[in-house]
Protein chains: 2
Amino acid sequence: MKALTVIKVGGAVVEDNEALSAFLDDYVKYPGLKLLVHGGGRSATRMGEKLGIESRMVKGRRVTDAESLAVVTMVYGGLVNKNIVAQLQARGLNALGLTGADLNILEAGKRPPKDGIDWGWVGDVKKTNTNILANLIGQGISPVAAPLTHDGNGNMLNTNADTIASELAVGLSKHFSVKLIYCFEKKGVMADPDDENSLIREIRPNDFDPLRARGIIAGGMIAKLENCFAAIGRGVGEVMICHVGALAQAKPEGTVLRK
Amino acid sequence: MKALTVIKVGGAVVEDNEALSAFLDDYVKYPGLKLLVHGGGRSATRMGEKLGIESRMVKGRRVTDAESLAVVTMVYGGLVNKNIVAQLQARGLNALGLTGADLNILEAGKRPPKDGIDWGWVGDVKKTNTNILANLIGQGISPVAAPLTHDGNGNMLNTNADTIASELAVGLSKHFSVKLIYCFEKKGVMADPDDENSLIREIRPNDFDPLRARGIIAGGMIAKLENCFAAIGRGVGEVMICHVGALAQAKPEGTVLRK
C-alpha cells in the first residue's frame, strides 16, 4: 500500500495569515500523498460575535444551535476552507476542499442530549465512505477537510476537527498505509509543561494510564490521546503530535504514538 | 459521448427553503448525468448587512472589496453550497460542492478597473480544467458549483453564476454532449412580458439582433443571451432558459437556443 499522511492543523495556525502561509509552505514540501484537516473555531467565534450570536462552549466544545451551525458552516466550509484551497493551488498542489457531506465522506448522527447538555447540531461520526476519496488521493489530489459532517437528512453537523482527522485516517487505512499527525503550538506531550526539554518522544498504549495517573496527560490532552489510540487500534499505523513547525524538519520531532 | 446537463439555478430559489426543497426534488429526478451551479447574491447581501458591510452593486453586479469577498466566499462556498450538498445527499445523489479553486476547475483573472469602476475581487474566467471533474461525473458524482473562482495566486474571486455555468458547460463539452439549462422565475424569453402566453420557444443566432432591436431582449437578458450563444459557439449543444418548475416536466418548456 502507498503511504498517506493525514495532517491536522489547529485554528491558531489557520487563522493567522502569516502562520498559515508558513505552514502551507511546509505542507506542500512534506513528501508523499497527504490530506489536510483544519480547525477554525476562533474565526467562528469572532464571526458569531460580529453577528450578535453568542458562542456557548462546554469543555472547550461548541454548543451548536441553528444560528451557530450556520456560522460554522460558512466559516469552516467557506471562508477558512477555500482560503486554504486557493493558497495550496497557488503553491502548485491540486487541493480539493471537502466537508463530510461532499462525496458523503463522513456520515454522522446528531449527538443526543447528555448529562443535561443539549449539544445542538453536533455530529458524531457513524460511517466513512472513502473509496472515491482514496481514488482522488491516488491521482495526486490533496483533500482539505473542514470540521463538518452531515446527518443524511439534509443537515450539516459540527464535528471536532481532531475527530475528523482520526476518522478519515481510519477510513483511509483500508487504502493506504496511514500516518496521522496532529500539529499544534507545543512540541508534543511534555513531561513537565514548564520545561521545553521534557518532550516525551514515544507513548505506547501501556504508558497511557500511568502518565494519566501522574497528571502528565491531563485536560484536553486526555481526549486527544484517546482519539489517537483509538485510531491506532483501528488501522492507523502511527500517530504523531508535534509543533506546527516540525513539518519542515527532515525528521519531524514530536510525541509518537504506536501500538 | 454521454449526455450531461449543466443546470444553473438562481438565488431566489436557493435562498427560500421551500422553493429549494421543491427544486432539489425535481433536480434529483432529472434524468442523466448533471452538474448544478447556484447563485446566492441575496444571502450575501443580507449577511453583509448583518455584518455592517454595504453591498455596492453596479448594473446588477457586486463590487467586491476585501470584506465583500470574505462574505461571498463564506456564503456561496460554505452556507449555500453545503446546504445544497447535504440536501442532495439526503435525496441519494452523491454531490460534491466545488468552487473554482477546488481541483483548480476555474482559473480566473482579477478584473481590471474599467469605465471608472474598480470591481475589486471579481474574476473573469481564463481557463477551465475539467479532466478530473469529468472523470468524477462519469462515476456518477454530481458536482455543485458555487459562483467563485480563484486567481492562482492564493486569492478567491467572485464570479457571476451564469458565467460559471456557461464556462463549465463549455469546458465539459470536451467530455460530454452538454446541454445547459438556466432556471429562473420566468417561463423563458417572453415576446410580451405582460403576456404569460408569449413565450418564444426558440431563438437562433440570427434572431438575436432583431429581437434586441425590437426591445424584446433587453436589460439583464442581453448579457444572459450573449453568454448562452457564446457557449453554443464553443461546443455546448443547446441552451434552454426556463422556469425553475419546468425541470419536473417530461419535456421541459422554455426558450431553446441553438446554432
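In every chain, residue numbers begin from 1 and rise along the written sequence. Both sets of labels track the order of writing: A upward for chains, 1 upward for ligands. Confidence filtering applies because this is a predicted model: local features only for residues at pLDDT of at least 70, side-chain atom pairs given and counted only at 80 or more, and all residues used for totals across whole chains, interfaces and linings. Only hydrogens and water are set aside; all other atoms, that is, all heavy atoms of the structure, feed into the side-chain values.

1. Some words on helix α5 (residues 131–138) of chain A
All names here are of chain A.
Part 1 of the reasoning: Considered for burial, the residues of α5 that qualify are L133, A134, L136 and I137. Down the axis of α5, the sector holding all buried residues measures 160°, keeping them to one side.
Part 2 of the reasoning: Count one or two residues on from α5 and you reach G140, which has phi positive near 95°. Think of it in three bands: with a 1.4 Å probe and only protein chains considered, a residue is buried below 20% of the maximum accessible area for its type, exposed above 50%, and partly exposed in between. What counts as a helix is a DSSP run of H or I of at least four residues, what counts as a strand is a run of E of at least two, and both are numbered from the N terminus. By definition, the arc is the one covered by directions from the helix axis to the C-beta atoms.

2. Focus on the packing of aromatic side chains
All names here are of chain A.
Part 1 of the reasoning: When the centres of two rings from Phe, Tyr and Trp lie within 6.5 Å, Trp using its six-membered ring, the rings pair. Their planes under 30 degrees apart give stacked, over 60 give edge-to-face, and anything left gives tilted. Summed over all chains, the structure comprises four aromatic pairs over all chains.
Part 2 of the reasoning: Over the face of the ring belonging to Y27 we find K34, whose NZ or CZ atom lies 5.4 Å from the ring centre.
Part 3 of the reasoning: Two conditions define a charge located above a ring, namely a distance within 6 Å from the ring centre to NZ of Lys or CZ of Arg, and an angle within 35 degrees of the ring normal. Over the aromatic face of W119 sits the side chain of R111, whose NZ or CZ is 5.3 Å from the ring centroid.

3. What about the pairing of strand β2 (residues 33–38) of chain B?
Residues and elements named next belong to chain B.
Part 1 of the reasoning: Burial analysis of β2 places six of its six residues in the buried class, which makes it a mostly covered element.
Part 2 of the reasoning: Of the two faces of β2, the one lined by L33, L35 and V37 and the one lined by K34, L36 and H38 are each fully buried.
Part 3 of the reasoning: Here the rule is simple: two strands pair whenever DSSP picks up at least two bridges between them. Across six bridges, the pairing between strand β1 (residues 3–9) and β2 is parallel. Considered in β2, the bridge of K8 is made with V37.

4. Things to note about the packing of helix α3 (residues 41–50) of chain B against helix α4 (residues 66–90) of chain B
Residue and element names in this part refer to chain B.
Part 1 of the reasoning: Note on method: axes are straight lines fitted to C-alpha atoms, helices fitted across the in-contact stretch only, with angles between N-to-C directions ranging 0 to 180 degrees. Remark: α3 packs on α4, axes separated minimally by 9 Å, with the N-to-C direction vectors making an angle of 125°. Classified by the interaxial angle, the pair formed by α3 and α4 is oblique. You can see that α3 and α4 cross each other, and the crossing is right-handed. Contacts between α3 and α4 involve G41, S43, A44, M47 and G48 from the first element and V71, V72, M74, V75, Y76, L79 and V80 from the second.
Part 2 of the reasoning: Grouping the amino acids of the contact of α3 with α4 by side-chain chemistry returns nine nonpolar, three polar and no charged. In this scheme, roughly parallel covers angles under 35 degrees and roughly antiparallel covers those over 145, while 65 to 115 is roughly perpendicular and the rest are oblique. In this scheme the crossing of two helices becomes right-handed for a clockwise turn of the near helix relative to the far one and left-handed for an anticlockwise turn of less than a right angle. By definition in these notes, contact holds between two residues if any of their heavy atoms fall within 4.5 Å. Residue polarity follows a fixed list, in which Ala, Val, Leu, Ile, Met, Phe, Trp, Tyr, Cys and Pro are nonpolar, Asp, Glu, Lys and Arg are charged, and the others, Gly among them, are polar.

5. Side note on the nonpolar core
Part 1 of the reasoning: Among the nonpolar cores identified, the biggest contains 94 residues, and L168, L172 and L225 of chain A together with L168, L172 and L225 of chain B are the most heavily contacted of them.
Part 2 of the reasoning: Each residue touching L168 of chain B, except ones within four places of it in the same chain, is listed here: L35, V37, I105, L106, L133 and A145 of chain B.
Part 3 of the reasoning: Take the buried Ala, Val, Leu, Ile, Met, Phe, Trp, Tyr and Cys residues and link them wherever side-chain atoms come within 4.5 Å; each set so joined is a nonpolar core. In this structure, I7, V9 and L88 of chain A together with L93 of chain B belong to the second largest nonpolar core, which totals 80 residues.

6. Remarks on the confidence of the model for chain A
Part 1 of the reasoning: Scored between 0 and 100, pLDDT is the confidence that the predictor attaches to each residue. Here chain A averages 94 in pLDDT, while 100% of its residues score no lower than 70.
Part 2 of the reasoning: For this predicted complex, the interface confidence comes out at an ipTM of 0.96, alongside a pTM of 0.96.

7. Things to note about the relation of the copies chain B and chain A
The relation between the two chain copies is a rotation about an axis coupled with a shift along that axis.
Part 1 of the reasoning: The copies were overlaid by least squares, fitting only the C-alpha atoms of residues that reach a pLDDT of 70 or more in each copy. You can overlay chain B on chain A at an RMSD of 0.0 Å; the transform is a turn of 180° with a shift of 0.0 Å along its axis. The symmetry that links the two subunits is that of a two-fold axis. It is G78 of chain B whose C-alpha, among those of chain B, lies nearest the rotation axis, at 1.9 Å.
Part 2 of the reasoning: With an isologous cut-off of 70% or more, the 100% of interface residues of chain B that recur at the interface of chain A puts this contact in the isologous class.

8. Brief notes about the interface of chain B and chain A
Part 1 of the reasoning: The interface of chain B with chain A comprises 37 residues on the first partner and 37 residues on the second.
Part 2 of the reasoning: Buried area adds together the accessible area that both of two parts lose upon being put together, with accessible area traced by a 1.4 Å probe. Both sides of the chain B and chain A interface together cover about 2,700 Å² of buried area, and 71% of this is carbon and sulfur.
Part 3 of the reasoning: Together, M74, K82 and L103 of chain B form the three largest contributors to the area buried by chain B at its contact with chain A, with a combined 19%.
Part 4 of the reasoning: Criterion for a salt bridge: a side-chain nitrogen of Lys or Arg within 4 Å of a carboxyl oxygen of Asp or Glu. On the surface where chain B and chain A come into contact, there are two salt bridges.
Part 5 of the reasoning: We call two N or O atoms a polar contact when they sit within 3.5 Å, provided that within protein one can donate a hydrogen and the other can accept it, with sequence-adjacent residues counted only if both atoms are side-chain atoms. Here chain B is connected to chain A by eight residue pairs in polar contact (both at pLDDT 80 or more).

9. A word on helix α4 (residues 66–90) of chain A
All names here are of chain A.
Part 1 of the reasoning: With 25 residues, α4 should reach 36 Å at 1.5 Å per residue; the first-to-last C-alpha distance of 35 Å fits that figure.
Part 2 of the reasoning: Along its length, α4 shows its largest kink, about 35°, at N81.
Part 3 of the reasoning: Of all the 25 residues making up α4, 19 are buried; the element is thus mostly covered by neighbouring parts of the structure.
Part 4 of the reasoning: Remark: G92 follows α4 within two positions and exhibits a positive phi of approximately 85°. Expected span of a helix: the number of residues minus one, times 1.5 Å. Bend is the name given here to the angle between axes fitted to two runs of seven residues, the run ending at a residue and the run starting at it.

10. Overview of the environment of T149 of chain B
All names here are of chain B.
Part 1 of the reasoning: With respect to the helices, strands and loops of the structure, T149 is situated in strand β9 (residues 148–150).
Part 2 of the reasoning: Residue classification places T149 among the buried residues on the basis of a relative accessible area of 0%.
Part 3 of the reasoning: Once the C-alpha coordinates of T149 and G109 are considered, the two residues, 40 residues apart in sequence, prove to be 8.9 Å apart.
Part 4 of the reasoning: Apart from the residues lying within four places of it in its own chain, the contact partners of T149 are G100, L106, A108, G123, V125, N155, M156, L157, T159 and I164.
Part 5 of the reasoning: Of note is the side chain of T149, whose polar atom sits 2.9 Å from the side chain of T159.

11. What to know about the sheet that holds β1 of chain B
Residue and element names in this part refer to chain B.
Part 1 of the reasoning: Read from one edge of the open sheet, eight strands run β5-β8-β2-β1-β11-β13-β14-β12, paired in mixed fashion. Looking at the sheet topology across the chains shown, the edges are occupied by β5 (95–98) and β12 (202–203).
Part 2 of the reasoning: The pairing of β1 with strand β11 (residues 177–184) spans seven bridges and is classified as parallel. Bridge pairing links I7 to I181 in β11.

12. Remarks on unusual backbone geometry
Part 1 of the reasoning: Phi angles above zero are rare outside glycine, and N104 of chain A is one such case at about 55°.
Part 2 of the reasoning: Checked against the element boundaries, N104 of chain A lands in the loop between β5 (95–98) and β6 (106–110).
Part 3 of the reasoning: Here the phi dihedral of L103 of chain B falls at roughly 60°; this positive angle occurs in a residue that is not glycine.

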